[in-house]
Amino acid sequence: MHNTEHDIDIIYKRHQSKMLRLATLLLKDTQAAEDTVSDVFLSLSDCGIGNVANIEGYLLTTVRNRCLNRLKSLSHREKVKRCLPIENVPDNISCNDYCMEAEERMQAIEAFILENLTLQTQTVMRMRFRENMKYAEIATKLNISEAAVYKHLAQGIRKLRQRFNP
């Protein structure tokens, strides 16, 4: 069954706000959230949804998956910058200064990792956080147990917290 424009309009009006809230929550970027929701609705006109029993569940799952794919494609630096809340910038600091400060913090973290963590812990952390590998993948690639992967990550994170969040 092919969807008519009228059907998609009804679906849009009924579910758009929930989809947008979910996308904004995941992406922490209103424009990216709007783009993602729009992409989902554009795909509806192409693929059809006549046989979907739970349209709301389908739409929210599709939005979630597209948001996760979008986040996965971000570089490590972009992910870190998204975690630095811009709204907490004091009035006397420009956005450029704030970004420079964030960049300096990233460099300090990277220097600390190189100087204070074992090579194995550095490797495990890079594979987990930069390459988004799963524990099992890291364990297989490094020929260590998943428990060892966990221990390296826990040790690295603990040392970072002690240094940067005393």
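What counts, and at which threshold
Residues numbered from 1 in each chain as written. Predicted model: local features only at pLDDT ≥ 70, side-chain atom pairs only at ≥ 80, totals over all residues. Heavy atoms only, no water. Helix = DSSP H or I, 4+ residues; strand = E, 2+ residues; numbered from the N terminus. Buried < 20%, exposed > 50% of the residue type's maximum accessible area, 1.4 Å probe, protein only. Expected span 1.5 Å × (residues − 1). Axes fitted to C-alpha atoms, helices over the stretch in contact; angles between N-to-C directions. Parallel < 35°, antiparallel > 145°, perpendicular 65-115°, else oblique. Contact = heavy atoms within 4.5 Å. Nonpolar A, V, L, I, M, F, W, Y, C, P; charged D, E, K, R; others polar. Core = buried A, V, L, I, M, F, W, Y, C linked by side-chain atoms within 4.5 Å. Left-handed = near helix turned anticlockwise from the far one by under 90°. Salt bridge = Lys/Arg side-chain N within 4 Å of Asp/Glu carboxyl O.

1. Some points on the overall build of the protein
Okay, step 1: Across its full length, the protein holds eight helices and zero strands.
Okay, step 2: Moving toward the C terminus, one meets the helices and strands of the protein in the order α-α-α-α-α-α-α-α.
Okay, step 3: Going through the 166 residues of the protein one by one, you find that 28% of them count as buried.

2. Topic: unusual backbone geometry
Okay, step 1: Of note, Lys 28 is a non-glycine position whose phi angle comes to about 55 degrees, a positive value.
Okay, step 2: By the secondary structure assignment, Lys 28 is in the loop between helix 1 (5-27) and helix 2 (30-47).
Okay, step 3: Phi at Asn 143 takes a positive value of approximately 60 degrees, unusual for a residue other than glycine.
Okay, step 4: Take Asn 143: it is sitting in the loop between helix 7 (135-142) and helix 8 (146-164).
Okay, step 5: The class for Asn 143 is exposed, based on a relative accessible area of 71%.

3. Observations concerning helix 6 (residues 119-130)
Okay, step 1: Relative to the 16 Å expected for twelve residues at 1.5 Å per residue, helix 6 spans 16 Å between its end C-alpha atoms, a close match to the ideal helical length.
Okay, step 2: Along helix 6, the residues that are buried comprise Thr 121, Gln 122, Thr 123, Val 124, Met 125 and Met 127.
Okay, step 3: Once helix 6 finishes, Asn 132 follows within two positions and takes phi at roughly 55 degrees, a positive value.

4. A look at the packing of helix 6 against helix 8
Okay, step 1: At a closest axis distance of 9 Å, the pairing of helix 6 and helix 8 adopts a crossing angle of 95 degrees. One way to sum up the angle between helix 6 and helix 8 is to call them roughly perpendicular. Residues Gln 120, Thr 121, Val 124, Met 125, Arg 128 and Phe 129 of helix 6 touch helix 8, and the partners they reach there are Val 149, His 152, Leu 153, Gln 155, Gly 156, Ile 157 and Leu 160.
Okay, step 2: When the residues that make up the contact of helix 6 with helix 8 are grouped by side-chain class, the tally is seven nonpolar, five polar and one charged.

5. Let's talk about the environment of Glu 34
Okay, step 1: Its location among the elements puts Glu 34 in helix 2.
Okay, step 2: Assessed through its relative accessible area of 35%, Glu 34 is described here as partly exposed.
Okay, step 3: Residues Glu 34 and Thr 24 lie ten residues apart in sequence; the distance between their C-alpha atoms is 8.0 Å.

6. A look at the nonpolar core
Okay, step 1: Counting 15 residues, the largest nonpolar core has Ile 11, Met 19, Ala 23, Val 37, Phe 41, Leu 59 and Val 63 as its most contacted members.
Okay, step 2: Mapped onto this core, the elements with two or more residues apiece are helix 1, helix 2 and helix 3 (55-72).
Okay, step 3: Ranked by residues supplied to this core, first place goes to helix 2 with six residues.
Okay, step 4: Apart from residues lying up to four places away in sequence, Val 63 is in contact with Met 19, Leu 22, Ala 23, Thr 36, Val 37 and Val 40.
Okay, step 5: Phe 112, Met 125, Met 133 and Leu 153 belong to the second-largest nonpolar core, a separate cluster that totals twelve residues.

7. Description of the side chain of Thr 36
Okay, step 1: Secondary-structure assignment places Thr 36 in helix 2.
Okay, step 2: Thr 36 has contacts with Leu 27, Val 63, Arg 66, Cys 67 and Arg 70, leaving out every residue within four places of it along the chain.

8. Notes on the packing of helix 6 against helix 7
Okay, step 1: For the pair helix 6 and helix 7, interaxial distance at closest approach is 10 Å and the crossing angle is 135 degrees. Regarding the angle of helix 6 to helix 7, the classification is oblique. The handedness of the crossing between helix 6 and helix 7 is right-handed. On helix 7, the residues touching Gln 120, Thr 123, Val 124, Met 127 and Arg 128 of helix 6 are Tyr 135, Ile 138, Lys 141 and Leu 142.
Okay, step 2: Classifying every residue of the contact of helix 6 with helix 7 by side-chain character gives five nonpolar, two polar and two charged.

9. Remarks on the pattern of salt bridges
Okay, step 1: Taken as a whole and judged by the stated rule, the model has three salt bridges.
Okay, step 2: Ionic pairing is found between Glu 110 and Arg 130, a salt bridge with its closest N-O pair at 2.8 Å. Placement of the pair is Glu 110 in helix 5 (residues 95-116) and Arg 130 in helix 6, with a sequence separation of 20 residues.
Okay, step 3: Glu 131 is the salt-bridge partner of Arg 126, the closest N and O atoms lying 2.5 Å from each other.
Okay, step 4: The exposure class of Arg 126 is partly exposed, given its relative accessible area of 36%.
Okay, step 5: You can call Glu 131 partly exposed: its relative accessible area is 38%.

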